[in-house]
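Okay, here's what each chain looks like letter by letter:
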Amino acid sequence: MTGPAQFPQFPSDFVWGVATASYQIEGAVAEDGRGPSVWDTFSHTPGKTHNGDTGDVADDHYHRYLDDFNLMAGLGVGAYRFSIAWPRIQPTGEGPANPLGLDFYDRLVDTMLARGISPAATLYHWDLPQALEDRGGWMQRDIPQRFAEYAAVVAERLGDRVSYWITLNEPFVVTAFGYALGTHAPGHRLLAGAFPVAHHQLLGHGLAVSALKSASVAGQIGITNAMAPVHPASSDRADVTAAAVLDLLHNQTYGDPLFAGRYPDELAAIYRGADLSVIRDGDLALISTPLDFLGVNFYNPHRVQAGGPEQLGTEIVEYPGVPTTAMGWPVVPEAFTELLTDLVARYGPALPPVYITENGAAYDDRPDADGRVQDDDRIAYLDAHLRAVHAAMAAGVDVRGYFCWSFLDNFEWAEGYDKRFGLVRVDYDTLKRTPKASYDWYRSVIAKSSGGAL
Ligand code: IFM
């Protein structure tokens, strides 16, 4: 493995960060007036998460945030991507703000600022208030309006101090796993019929952008998409078509409305039976309001062949001879460069500057007697992926920053606490935090790789 000394130089204003999300780390689900979210309901439903794990306690960041920010400051990061739990701010998803919820994020923001860390706030990282899901959740057209009202409430309180606003995290994952396949909250199996969820999230994004602008927030405004190149398993026509279908479902359904102001032409053919009348006049103009940045989350590409159990006719298969992480995800760093350069090729000047808002890996960490983890596999993953980002920048892609997922081990959704992504180990019995070797490695990278020219 190459040490940080040989690591490529990134521009002096490149933003180095770490990322987390509210339900995955906070705990304190019934404190200070927080209402239930779909993830509380889902994780408490038997059989939905690994081992029946829930976010009830998680990393207890709600109470331990001071220690966590001290540890974060030790990394030398310039920014922290966290998310705001909508049900802490509006316990039923609408109506007046819960002052104690706003107070918590106010404290977080001031605590990070006092340590020289710029806040990057995600407004929606999947913890929809349960009361809104009871009314149909993202399938309903009034939820985008509720989301914009919530954005306005948060902007009023934090708009003077947040540097980066991210409206939504990974709308593809919410549509696919939350409403199409049912493996995430709220657990619906609508298959292609879940298309309105995609559209309503995008509409909510557009309305929230407008709310943030009306509130004259000081920070930049963007969205975070989960993105992945899709490779056909062979040159057979059926496999090539299968790859095009997944590319449309995963990438283009979300990128094209934002940066081309339209949905892909093949939309109706692929979301067969879905209600496309949810796309109304004026929606796409709102959705394509120019952004200050695009947040890209990348973990792995997909290799697909025709077939599969679901109605869409695509099946994800292995990359032969390629190692995988503990999630079973293939490690293909060069696909990261491909993804970023393809984005420029597809959207041209309409593509705003990019921040990598998530990238990282779960591995089966083996702690020593002190709980320390020599996680060389995670270091190798991060090393290779940062080099891939650098290669994309050298090829002309305007990447402004990189947020490692994740700062802490945390609640990995349906996988519960079984999968660990953190630079810092959390012992879930004692909640003790112990930096892993990857924490020290990332600190050296940040210290030694900033300040150069590309
Ligand atoms: O933990 C998640 C995160 O919440 C969203 N992006 C992917 C991560 C790893 O699965």
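Provided above is the structure to which this section pertains.
Described below are features of the structure shown in this document. None of these values were measured; they are calculated from a predicted model.

Considerations on the pairing of strand β5 (residues 220-226)
- Of all seven residues making up β5, six are buried, and the element is well covered by its neighbours.
- Sheet topology note: the strand β4 (residues 164-169)/β5 ladder contains four bridges and is parallel. Bridged to Y164 within β5 is Q220.
- Strand direction decides the pairing type here: β5 and strand β7 (residues 293-297), joined by five bridges, are parallel. Across the sheet, N225 pairs through a bridge with V296, a residue of β7.

Some points on the pattern of salt bridges
- Scanning the model with the defined rule gives 27 salt bridges in all.
- Linking K419 and D418 is a salt bridge whose minimum nitrogen-to-oxygen distance equals 2.8 Å.
- What makes D418 partly exposed here is its relative accessible area of 34%.
- In the salt-bridge network here, residues are joined through shared partners; they are D103, D106, D110, R157, D160 and R161.

Considering the site of the ligand
- Surrounding the ligand, one finds Q24, H125, W126, N169, E170, Y299, W329, E358, W405, E412, W413 and F421.
- At 2.8 Å from an oxygen atom of the ligand is found a side-chain nitrogen or oxygen belonging to W413.
- Bound to the protein, the ligand loses 95% of the 280 Å² it would expose on its own.
- Its residues assigned to classes, the shell around the ligand shows six nonpolar, three polar and three charged.

What to know about the sheet that holds strand β6 (residues 230-232)
- Strand order in the open sheet formed by three strands is β6-β8-β9, and the pairing between neighbours is mixed. Of all strands in the sheet, those bounded by a partner on one side alone are β6 and β9 (314-317). Going from strand to strand, the sheet's axes swing by 45° on average, the running direction of each strand aside.
- Sheet analysis places β6 next to strand β8 (residues 302-306), joined by three bridges and oriented parallel.

Quick word on the layout of surface pockets
- Considered as a void within the structure, the second largest pocket measures approximately 280 Å³ in volume.
- Along its surface, the second largest pocket is lined by 16 residues, and P229, D247, N251, D342 and R346 are the ones closest to its centre.
- Secondary structure elements with two or more residues in the lining of the second largest pocket: β6, α10 (237-259) and α13 (334-347).
- Here the lining of the second largest pocket takes six residues from α13, the largest share from any one element.
- Along the lines of polarity and charge, the residues of the lining of the second largest pocket split into nine nonpolar, three polar and four charged.

As for empty space enclosed by the protein
- Summed over all chains, the structure comprises three cavities of 30 Å³ or more.
- A volume near 70 Å³ is recorded for the largest cavity.
- The set of elements that each furnish at least two residues to the lining of the largest cavity consists of α2 (38-43) and α8 (171-180).
- It is α8 that contributes the most residues to the lining of the largest cavity, four residues altogether.

What counts, and at which threshold
Residues numbered from 1 in each chain as written. Predicted model: local features only at pLDDT ≥ 70, side-chain atom pairs only at ≥ 80, totals over all residues. Heavy atoms only, no water. Buried < 20%, exposed > 50% of the residue type's maximum accessible area, 1.4 Å probe, protein only. Helix = DSSP H or I, 4+ residues; strand = E, 2+ residues; numbered from the N terminus. Pairing = 2+ DSSP bridges. Salt bridge = Lys/Arg side-chain N within 4 Å of Asp/Glu carboxyl O. Near = heavy atom within 4 Å. Polar contact = N/O pair within 3.5 Å; in protein donor to acceptor, adjacent residues only side chain to side chain. Areas by Shrake-Rupley, 256 points an atom, 1.4 Å probe, with all protein chains shown as cover. Nonpolar A, V, L, I, M, F, W, Y, C, P; charged D, E, K, R; others polar. Axes fitted to C-alpha atoms, helices over the stretch in contact; angles between N-to-C directions. 1 Å grid on protein atoms, 1.4 Å probe; cavity = no way out; pocket = protein on both sides within 12 Å on 5 of 7 lines; lining within 4 Å. Points joined across faces, edges and corners; volume = space filled by probe spheres on them.

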